[in-house]
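Okay, here's what each chain looks like letter by letter:
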Amino acid sequence: MNAERATEVGLAEHLANKEARVVRQNSMLARFSRPLVSLTINIPGPCKMTPASKKVFSEATEAVKAVCKDKGWNIVGRQITEKNTGPEAIFAIDVPDVLELKRAMIEIESSHRLGRLMDLDVCGENGKMVSRRSQEMALRKCLICDKPAVICARSAAHSLSELTECIERMVFDDKRCA
């Protein structure tokens, strides 16, 4: 749909970026001593910085800011990174209960029209990640069928072109795939 050419990212670059993200998170924890929201985008395939990922990132960033404003939580720090590995943000949030923050981020992922493409991880000020499982949340569903996404991803049930086309329709045409 959009002809802009994105740079492919290999496994080594992806893994190095994950390690660098942990360093950035630890730096934010040390600086602000507040829970963090780590925002990344769920885009399959080797191209992570695409028009679709940029649009999802923009909407996710606005959704996080809106929820914080609605709940009276102050964003005391933020860091935005845009590399070939995709757009990312880390927010340090002054919130009284990290579990309430996790529930709010799950609500964005569940209710926003592009929420399925957002990954809003929450890290307590102690450095421990708060999982969906700890909130008794179901596994995420596949974009194309109703099976758990992890099962379809592991079995390569859908081609990259099917997934990419589905994401393009979701992001730019506001149409669901499943």
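Keep in mind that what you see is a predicted model, and the values were worked out from it rather than measured.

## Some points on the sheet that holds strand β4 (residues 118–123)
Right, so step 1: One open sheet holds the five strands; their spatial order is β2-β3-β1-β4-β5, and the pairing between them is antiparallel. The strands lining the two open edges of the sheet, one partner per strand, are β2 (74–83) and β5 (129–130).
Right, so step 2: Direction of pairing for strand β1 (residues 36–41) relative to strand β3 (residues 86–94): antiparallel, over a ladder of four bridges. Each bridged residue has a counterpart across the sheet, and for L39 the counterpart in β3 is A89.
Right, so step 3: Running over the sheet, helix α2 (residues 51–71) touches β1, β2, β3 and β4 and is turned about 5 degrees from β3.
Right, so step 4: Of the strands in this sheet, β1, β3, β4 and β5 are in contact with helix α3 (residues 98–111), which crosses β4 at around 180 degrees.

## So, the side chain of Q25
Right, so step 1: Topologically, Q25 is positioned in helix α1 (residues 11–32).
Right, so step 2: The exposure class of Q25 is buried, given its relative accessible area of 10%.

## Some remarks on the packing of α2 against α3
Right, so step 1: Close contact between α2 and α3 brings their axes to 11 Å; oriented N to C, the two are set at 135 degrees. The pairing of α2 with α3 is recorded here as oblique in orientation. The chirality of how α2 crosses α3 is right-handed. Contacts between α2 and α3 pair A63, V64, V67 and K71 from the former with E100, A104, M105 and I108 from the latter.
Right, so step 2: Each residue belonging to the contact of α2 with α3 can be placed in one class, and the counts come to six nonpolar, no polar and two charged.

Analysis parameters
- Residues numbered from 1 in each chain as written.
- Predicted model: local features only at pLDDT ≥ 70, side-chain atom pairs only at ≥ 80, totals over all residues.
- Heavy atoms only, no water.
- Pairing = 2+ DSSP bridges.
- Helix = DSSP H or I, 4+ residues; strand = E, 2+ residues; numbered from the N terminus.
- Contact = heavy atoms within 4.5 Å.
- Axes fitted to C-alpha atoms, helices over the stretch in contact; angles between N-to-C directions.
- Buried < 20%, exposed > 50% of the residue type's maximum accessible area, 1.4 Å probe, protein only.
- Parallel < 35°, antiparallel > 145°, perpendicular 65-115°, else oblique.
- Left-handed = near helix turned anticlockwise from the far one by under 90°.
- Nonpolar A, V, L, I, M, F, W, Y, C, P; charged D, E, K, R; others polar.

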